[in-house]
Amino acid sequence: MSDRTSRAKVLAQTTIVEERSLEGIGLHTGCKTKLTFRPAPANSGIRFFRTDLPGTPMIPARLGFVVATVRGTNLGLHEAKVHTVEHVLSAATGLGIDNLDILVTANEPPAMDGSALPFFQTLLQAGLKTFPEAPKRRLTIAEEVTYEDKGSTYRAVPCGHFEIDATLIHDHPLVPRLSFNFRMDSGGYAAQVAPARTFCFEHEVQFLKSQGLAQGGSLENAVVIGRDRFHTNAEGLRFPDEFVRHKILDLIGDLTLIGRSLFGVKIEAVRCGHAHNIEFAKRLNAAATKLRRQPAVAAEQR
Ligand SMILES: [Zn+2]
């Protein structure tokens with residue numbers, strides 16, 4: 001393959017080749033649910049479809065359709081909602097997928113093992129194809145973008161690749177502070193980020209359940225941080241710093257809602273969570289949109 005061909009492949013939009021499905025229960029709703037990945041045309045982006053509702057309503061995986069960010073990112077359009085979309089979206093971005101239809105038979109994707117790995121592997125098995133006539137839409141910023149609220153801080157700077165440096169800080173002796181730096185490529189994502197599972201603190205479990213959350217949560221799809229030990233399934237922790245890796249997984253999923261390839265930013269995030277991720281994503285999107293409206297840039301960044 002010539003350099004030119006290889007560059008053209010990297011910069012072209014992608015989708016999957018074949019349809020693939022997964023089944024399980026929703027992490028927060030506890031409902032039985034089946035998710036199907038289906039190839040999508042160029043320039044269609046990532047979209048969810050509720051196949052259990054009349055007319056199979058579509059909900060774009062875009063920032064403008066975020067309706068809630070409590071312990072997960074929920075999308076909605078009119079009456080149709082999809083809860084906890086971030087792990088599925090993170091897997092799609094981990095593979096560099098631009099266009100994808102995601103069909104769900106309930107209001108939440110299956111939790112699987114609480115990580116993005118089952119989704120990543122399923123998408124990988126579905127095969128990838130490119131649209132040579134459709135260049136990737138990339139997120140491009142001209143200068144740093146920052147966001148700060150209630151002790152959480154985010155900073156993005158222009159960069160030739162996509163990198164996240166995340167730090168998690170908790171007032172808890174087992175996980176006082178964890179940091180992880182991740183530079184995106186599919187192999188690295190599969191090995192270092194995708195397997196990291198969702199987690200909560202033991203003292204939160206009853207509260208979450210009383211709020212109607214974590215109804216499908218168990219040690220098969222989450223790690224629970226106890227007062228003096230971790231509660232996990234038989235495999236134990238997958239990484240000593242699994243929690244901060246999961247924060248990166250979630251952030252990648254939430255940033256996917258910008259609807260552009262993230263190659264072009266380096267991000268530092270301290271104490272990130274879904275609500276802040278979405279607010280930061282909106283600022284990034286606004287900065288990139290403003291830049292594209294400048295005539296000199298517009299020709300290159302349509
Ligand atoms: Zn998560």
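Residues numbered from 1 in each chain as written. Predicted model: local features only at pLDDT ≥ 70, side-chain atom pairs only at ≥ 80, totals over all residues. Heavy atoms only, no water.

**Observations concerning the packing of helix H4 (residues 186-193) against helix H6 (residues 242-255)**
Reasoning step 1: It is at 10 Å that the axes of H4 and H6 come closest, and there the two elements cross at 135°. Between H4 and H6, the angle falls in the class oblique. Residues Tyr189, Gln192 and Val193 of H4 form the contact with H6, whose own contacting residues are Arg245, Ile248, Leu249 and Ile252.
Reasoning step 2: Considering only residue class, the contact of H4 with H6 consists of five nonpolar, one polar and one charged. (Axes fitted to C-alpha atoms, helices over the stretch in contact; angles between N-to-C directions. Helix = DSSP H or I, 4+ residues; strand = E, 2+ residues; numbered from the N terminus. Parallel < 35°, antiparallel > 145°, perpendicular 65-115°, else oblique. Contact = heavy atoms within 4.5 Å. Nonpolar A, V, L, I, M, F, W, Y, C, P; charged D, E, K, R; others polar.)

**Description of the coordination of the zinc ion**
Reasoning step 1: At this site the zinc ion is bound by His87 (NE2), His246 (NE2), Asp250 (OD) and Asp250 (OD), with donor distances of 2.1 to 2.7 Å.
Reasoning step 2: Geometry at the zinc ion is irregular, judged from the four donor atoms that bind it and their angles of 53 to 150° at the metal.
Reasoning step 3: Look at where the donors of the zinc ion fall in the sequence and you get H-x158-H-x3-D. In this pair, His246 and Asp250 are both assigned in helix H6, four residues apart and thus about one turn of the helix distant. Of the two residues, His246 and Asp250, neither departs from the other in class, the shared state being buried. (Donors = N, O, S within 2.8 Å, 3.2 Å for Na, K, Ca; no water. Tetrahedral: all angles 85-135°; square planar, octahedral: opposite > 155°, others 65-115°. Buried < 20%, exposed > 50% of the residue type's maximum accessible area, 1.4 Å probe, protein only.)

**Some details on the side chain of Glu86**
Reasoning step 1: Assignment of secondary structure puts Glu86 in helix H2 (residues 86-94).
Reasoning step 2: Despite its burial, Glu86 pairs with no opposite charge, the nearest such side chain being Arg71 at 8.8 Å. (Lys, Arg positive; Asp, Glu negative; His and termini not counted. Salt bridge = Lys/Arg side-chain N within 4 Å of Asp/Glu carboxyl O.)

**Things to note about the state of the cysteines**
Reasoning step 1: Inspection of every chain in the model, using the stated rule, returns zero disulfides.
Reasoning step 2: Just so you know, Cys272 is unpaired, no disulfide at all, and the nearest cysteine sulfur is the one on Cys200, 17 Å from it.
Reasoning step 3: For Cys272, a relative accessible area of 7% puts it in the buried group. (Disulfide = S-S within 2.5 Å.)

Note that all results are geometric; they support no functional claim without further evidence.
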